[in-house]
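Inside the fold
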Amino acid sequence: MKIRGCLLVIFASLLISAPGFASEVRGSFLSYNGGQIPRGTEIKVHCGNFHKSAVIQSNGSYSIRGLPPSRGCAYRIEYPDGSMSKPMAFNSGSGVVQINGELRKYKNRILVISK
């Protein structure tokens, strides 16, 4: 009886501590000199074979949940006109990662200045 109880406790603790899709990246972006970020601007995140995107809201905020924890990831900002930033690397960790910045457009390239 005691062995069965111990095994149940061990099994439950393994399930609770098992890494899953628990990481999140969130924050906000501002446009240069207080301008508006174009409606439909997206942040696209890639972590190996994992890909997810979110539309940046009119106030500049965004949130992407369900990233694989402790992985090398990269994000890219893309405007509706096809302009995009270079990929910016980050580690997804095992909780919430804050990424904030200022966006400036130069020709067809979006420059991301981290804040």
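About the criteria used
Residues numbered from 1 in each chain as written. Predicted model: local features only at pLDDT ≥ 70, side-chain atom pairs only at ≥ 80, totals over all residues. Heavy atoms only, no water. Phe/Tyr/Trp six-rings, centres within 6.5 Å; stacked < 30°, edge-to-face > 60°. Helix = DSSP H or I, 4+ residues; strand = E, 2+ residues; numbered from the N terminus. Buried < 20%, exposed > 50% of the residue type's maximum accessible area, 1.4 Å probe, protein only. Contact = heavy atoms within 4.5 Å. Pairing = 2+ DSSP bridges. Axes fitted to C-alpha atoms, helices over the stretch in contact; angles between N-to-C directions. Salt bridge = Lys/Arg side-chain N within 4 Å of Asp/Glu carboxyl O.

Re the packing of aromatic side chains
This model, assessed by the stated rule, comprises three aromatic pairs. The interplanar angle of 55° and the centroid separation of 6.2 Å between the aromatic rings of tyrosine 75 and phenylalanine 90 together place this pair among those described as tilted. Here tyrosine 75 is found in strand 5 (residues 72–78), whereas its partner phenylalanine 90 is found in strand 6 (residues 88–91), with 15 residues between them in sequence. Assessed through its relative accessible area of 3%, tyrosine 75 is described here as buried. Put simply, the rings of Phe29, Tyr62, Tyr75 and Phe90 touch in pairs and so form one group of aromatic residues.

Section: the environment of isoleucine 110
Along the chain, isoleucine 110 turns up in strand 9 (residues 109–114). Residues within four places of isoleucine 110 in sequence aside, it is in contact with Ile77, Glu78, Tyr79, Ser83, Met84, Ser85, Lys86, Leu103, Arg104 and Lys105.

Overview of the sheet that holds strand 2 (residues 42–47)
Pairing within the open sheet is antiparallel, and its four strands lie in the order 3-2-5-6. Where the open sheet ends on each side, the last strands, each with one partner, are strand 3 (50–55) and strand 6. Taken over all neighbouring pairs, the strand axes of this sheet differ in orientation by 25° on average, direction set aside. The sheet contact formed by strand 2 and strand 5 spans five bridges and is antiparallel. What sits directly across from lysine 44, in strand 5, is arginine 76.

Structural notes on the pairing of strand 8 (residues 101–106)
For strand 1 (residues 23–31) and strand 8, the ladder comprises three bridges, and the chain directions are parallel. Bridge pairing in strand 8 places phenylalanine 29 opposite glycine 101. Taken together, the six bridges between strand 8 and strand 9 define a ladder with antiparallel strand orientation. The partner of tyrosine 106 across the bridge, within strand 9, is arginine 109. Counting the residues that bridge the hairpin from strand 8 to strand 9 gives two residues, and of these lysine 107 lies at a positive phi of roughly 55°.

Some points on the pattern of salt bridges
Tallying each qualifying case throughout the model produces seven salt bridges. Put simply, glutamate 42 and lysine 44 hold a salt bridge, and the shortest N to O gap is 3.9 Å. On the accessibility criterion, glutamate 42 (24% relative accessible area) is partly exposed. Here glutamate 102 ties to lysine 115 by a salt bridge, and the two come within 3.5 Å at their closest N and O atoms.

Function-wise, these values are silent; they only describe arrangement.
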